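An overview of the molecular structure
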Protein chains: 2
Amino acid sequence: MSFSLTVLGSSSALPTSKRFPTAQVLNVQERFFLIDCGEGTQIQIRRFKLPLSRIHHIFISHLHGDHVFGLFGLLSSMNLLGRKADLTIHAHAEMEETIRYFKKFFGTELLYPIVFKPFPRKRHSLIYEDKKVTVETIPLRHRIPTVGFVFREKKQPLNIRKDKVTKLNIPYRDIIKIKAGSDYISTDGNIYSNKELTLPEVRPRSYAYITDTAYYEKNAIMISNVDIMYHEATFLDRDHKLAKLTGHSTALQAARMADKSHARKLLIGHFSSRYKDVSAFVDEAKSVFENTVAVEDGDVFQVRKTRVSES
Amino acid sequence: MSFSLTVLGSSSALPTSKRFPTAQVLNVQERFFLIDCGEGTQIQIRRFKLPLSRIHHIFISHLHGDHVFGLFGLLSSMNLLGRKADLTIHAHAEMEETIRYFKKFFGTELLYPIVFKPFPRKRHSLIYEDKKVTVETIPLRHRIPTVGFVFREKKQPLNIRKDKVTKLNIPYRDIIKIKAGSDYISTDGNIYSNKELTLPEVRPRSYAYITDTAYYEKNAIMISNVDIMYHEATFLDRDHKLAKLTGHSTALQAARMADKSHARKLLIGHFSSRYKDVSAFVDEAKSVFENTVAVEDGDVFQVRKTRVSES
């Protein structure tokens, strides 16, 4: 029942010897979602021991090089490793042309299918859904079309208390109903409330990935109540004009977004290499939103499974 | 008077957490030549503290992704760092189209000029020359057009012995002649041989970069007498059929090429990730050519300045 985020790269456009360009892997119950794919992503995946073959979906926020230049090497390596399974790339429509060009130019015949799922540029959209999780896009404010991604676990059926099933000898057809929320009436006419028959419900977990973007407060409502928000903080607030000009955010603005959207925890990254020290970003963000962490490559953030009564 | 090679990446097509794809920097008297540019090259350049801004020439052996996918990020970063100086890319002619596509697609307006110098596919050619160094291509035998590069220092003018100039009071116009190799006749008619007036000549140093290629013995004569030869050793000789099929070499063949061409030292790399242990490559190569080293990313190999009498 994992819900964990691994940061593969946390630099802004200019990588350093310690920070690779942007990429992350989110593991939601053993679904491994790759989010952006900056140069060196495949190397970081190996370094941090993530299972390359189990990545079936890649989400690309926008087509700037520092979020996408690792894709060509990654696709080639999957091929060399004998991949047969589909790989779905969720991106702006133009991504498909780039991949087509890359395959043609480098004579790379990929032996596995790539499925393109272009998403709308300007509309908050549900772009992925399975039994356990949904993924939505949040249109952002950058120099080119860009989206954020919100990953949310779905509400799961209630877990029934096994001791009650045994004690009351509840038949199978009634168990199904109880899991869906019904009370139970035994053959002798006693009524047992659903609450006493089931465990408190598992709280769905959620993660929002918000980069690259200028501050745009109206997005807060779409990102509401996530457990973890990663928000870019390219600049310090003393450079807020530069942030606006380049379509980026300051640490203070990242914190405001976490605050307005009622996130539980804020991760900041994508720091401009013009600043020597990351602690100033954290100090600035904490002045508005206390639970802030500046990420490093290789950091892993987990959200543990809780039931509603515990949380 | 440096002559030093830094290995940035030494994997074959599939990088590992320890070995990046192929790239090297050769420093010849403070000229920094980048040779191939696999994914992550810019990160390794920073990690190993090489001066990105002082790279003015890039040599690309062939257009397979593991030798070239780092180029787009590198060009972008040079731009972000405010580069103004020309950058010359020596590559097969098709490289120019890829760079053009990359600039168009990613909307990257580069603020420095890129000069393309396509080289002949099939002919041993002199492709670069300045006061201190020449670079030649060696056509190799791979699945697509591929060349090796041989870097050779030029023979330098003789260094005159200052004690003799002072003692014999040699006029300036005669010094020029002595540096070019003449003897000296003093005003009183004494003849001083060039040898007694000058230091022994500085031995020009040389480096050959030979990857990717199947074994092709006839190339040995063009690579003759280098101080260091880097030669790919993708396979062990027990897989020599696979080597031939894929256009690669075995460690034994790399050693044979070093031996036939009278190299002084052999570096091997580009190991297939199918083998767990690099020592088997070294053992195999040493059975033919003793002075063999298996490279690791970050290794630096220097050739010191010597005069002919010392070497």
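All values derive from a computational prediction rather than experimental measurement.

1. Focus on the overall build of chain A
- Helix and strand content of chain A: nine helices and 16 strands.
- The principal-axis extent of the C-alpha atoms belonging to chain A is close to 75 × 50 × 35 Å.
- By the burial criterion, 41% of the 311 residues in chain A qualify as buried.

2. Describing the domain arrangement of chain A
- Partitioning chain A into structural domains gives domain 1 (3-156 + 201-302) and domain 2 (162-197).
- Taken over C-alpha atoms, the centre of domain 1 of chain A sits 44 Å from the centre of domain 2 of chain A.

3. Section: the interface of chain B and chain A
- Tallying the contact residues gives 26 residues for chain B and 26 residues for chain A.
- Mapped onto the side of chain B that touches chain A, the elements with two or more residues apiece are helix H1 (41-47), helix H2 (71-80) and helix H3 (95-105) of chain B.
- If you tally residues by element for the side of chain B that touches chain A, the top one is H2 of chain B, at five residues.
- Residues that form the side of chain B that touches chain A fall into these classes: 12 nonpolar, 11 polar and three charged.

4. Remarks on the nonpolar core
- Among the nonpolar cores identified, the biggest contains 138 residues, and Met229, Leu266 and Ala285 of chain A together with Met229, Leu266 and Ala285 of chain B are the most heavily contacted of them.
- Here Met229 of chain B is in contact with Ala208, Ile210, Ile223, Ala258, Ser261, Ala263 and Leu266 of chain B, once residues within four sequence places are set aside.

5. Focus on the environment of Ile89 of chain B
Residue and element names in this part refer to chain B.
- Position of Ile89 relative to the elements: it lies in strand S5 (residues 87-91).
- Remark: the alpha-carbon pair of Ile89 and Asp283, spanning 194 residues in sequence, is separated by 37 Å.
- Those residues in contact with Ile89 that sit more than four places away from it in its chain are Ile58, Ile60, Met95, Ile114, Phe116 and Lys117.

6. Here's the deal with the sheet that holds strand S15 (residues 292-294) of chain A
Residues and elements named next belong to chain A.
- Ordered in space as S7-S8-S9-S12-S13-S14-S15, the seven strands form an open sheet in which the pairing is mixed. Of all the strands in the sheet, just strand S7 (125-129) and S15 have a single pairing partner and so form its edges. Neighbour-to-neighbour, the strand axes of this sheet turn through a mean angle of 20 degrees, independent of strand direction.
- Relative to strand S14 (residues 265-269), strand S13 (residues 228-232) is paired through five bridges, and the arrangement is parallel. The residue bridging Ile228 from the neighbouring strand is Lys265, located in S14.
- Of the strands in this sheet, S14 and S15 touch helix H9 (residues 279-286), which is tilted by about 165 degrees from S15.

7. Section: the packing of helix H8 (residues 251-260) of chain A against H9 of chain A
Residues and elements named next belong to chain A.
- Interhelical geometry of H8 versus H9 gives an angle of 40 degrees and a closest axis separation of 8 Å. With respect to each other, H8 and H9 are oriented oblique. Considering the relative orientation of H8 and H9, their crossing is right-handed. Note on element contacts: H9 touches H8 through Phe281, Glu284 and Ala285, opposite Ala251, Leu252, Ala254 and Ala255.

8. Notes on the relation of the copies chain B and chain A
- Once chain B is rotated about the relating axis by 180 degrees and shifted along it by 0.1 Å, it coincides with chain A to within an RMSD of 0.1 Å. Classification of the inter-copy transformation places it as that of a two-fold axis. The rotation axis passes nearest to the C-alpha of Gly40 of chain B in chain B, at a distance of 2.7 Å.
- Take the interface residues of chain B: 100% of them recur as interface residues in chain A, which is what a same-surface contact looks like.

9. Focus: the pairing of strand S9 (residues 147-153) of chain A
Residue and element names in this part refer to chain A.
- Among the seven residues that make up S9, six are buried, leaving the element largely enclosed by the rest of the structure.
- Note that strand S8 (residues 133-139) and S9 share seven bridges and pair antiparallel. From the neighbouring strand, Thr137 faces S9, where its bridge partner is Phe149.
- Here four bridges tie S9 to strand S12 (residues 206-210), and the two strands are oriented antiparallel to one another.

10. Quick notes on unusual backbone geometry
- Going from Thr211 of chain A to Asp212 of chain A, the amide bond is cis rather than trans, its omega being -5 degrees.
- Although it is not a glycine, Gln29 of chain B adopts a positive phi angle of roughly 50 degrees.
- Looking at the secondary structure, you find Gln29 of chain B in the loop between strand S2 (23-28) and strand S3 (31-35).
- The class of Gln29 of chain B is partly exposed, set by 15 C-beta atoms lying within 10 Å.

11. Brief notes about the environment of Asp86 of chain A
Residue and element names in this part refer to chain A.
- Structurally, the position occupied by Asp86 is in the loop between helix H2 (71-80) and strand S5 (87-91).
- On the neighbour-count criterion, Asp86 (11 C-beta atoms within 10 Å) is exposed.
- Through-space distance from the C-alpha of Asp86 to that of Ile160 is 36 Å; in sequence the pair is 74 residues apart.
- In this view, Asp86 contacts His56, Tyr112, Pro113 and Val115; residues no more than four positions away in its chain are not counted.

12. Points about the sheet that holds S3 of chain B
All names here are of chain B.
- Spatially, S6-S5-S4-S3-S2-S1-S16 is the arrangement adopted by the seven strands of the open sheet, whose pairing is mixed. Strands at the two margins of the open sheet, each flanked by one partner only, are strand S6 (114-118) and strand S16 (300-302). Recorded for the sheet is a direction-independent mean angle of 20 degrees between the axes of neighbouring strands.
- Summarising the sheet, strand S1 (residues 3-9) and S2 pair through six bridges and their orientation is antiparallel. Its bridge partner lying in S2, Ser4 is registered against Asn27.

13. Concerning the confidence of the model for chain A
- On average, residues of chain A score 94 in pLDDT, and 99% of them reach the 70 mark or higher.
- Scored as a whole, the predicted complex attains pTM 0.92, and scored at its interfaces, ipTM 0.90.

14. Description of the pairing of S2 of chain B
All names here are of chain B.
- In terms of residue burial, S2 counts as a mostly covered element, since five of its six residues are buried.
- Taken together, the five bridges between S2 and S3 define a ladder with antiparallel strand orientation. The residue of S3 that forms the bridge with Val28 is Arg31.
- Counted between consecutive antiparallel strands, the loop separating S2 from S3 contains two residues, among which Gln29 sits at a positive phi close to 50 degrees.

Rules used in this analysis
- Residues numbered from 1 in each chain as written.
- Chains lettered and ligands numbered in written order.
- Predicted model: local features only at pLDDT ≥ 70, side-chain atom pairs only at ≥ 80, totals over all residues.
- Helix = DSSP H or I, 4+ residues; strand = E, 2+ residues; numbered from the N terminus.
- Buried ≥ 20, exposed ≤ 12 C-beta atoms within 10 Å, placed from the backbone.
- Domains from an automatic or database assignment.
- Contact = placed C-beta atoms within 7 Å.
- Nonpolar A, V, L, I, M, F, W, Y, C, P; charged D, E, K, R; others polar.
- Core = buried A, V, L, I, M, F, W, Y, C linked by C-beta atoms within 7 Å.
- Pairing = 2+ DSSP bridges.
- Axes fitted to C-alpha atoms, helices over the stretch in contact; angles between N-to-C directions.
- Parallel < 35°, antiparallel > 145°, perpendicular 65-115°, else oblique.
- Left-handed = near helix turned anticlockwise from the far one by under 90°.
- Least-squares fit on C-alpha atoms with pLDDT ≥ 70 in both.
- pLDDT = per-residue confidence, 0-100.

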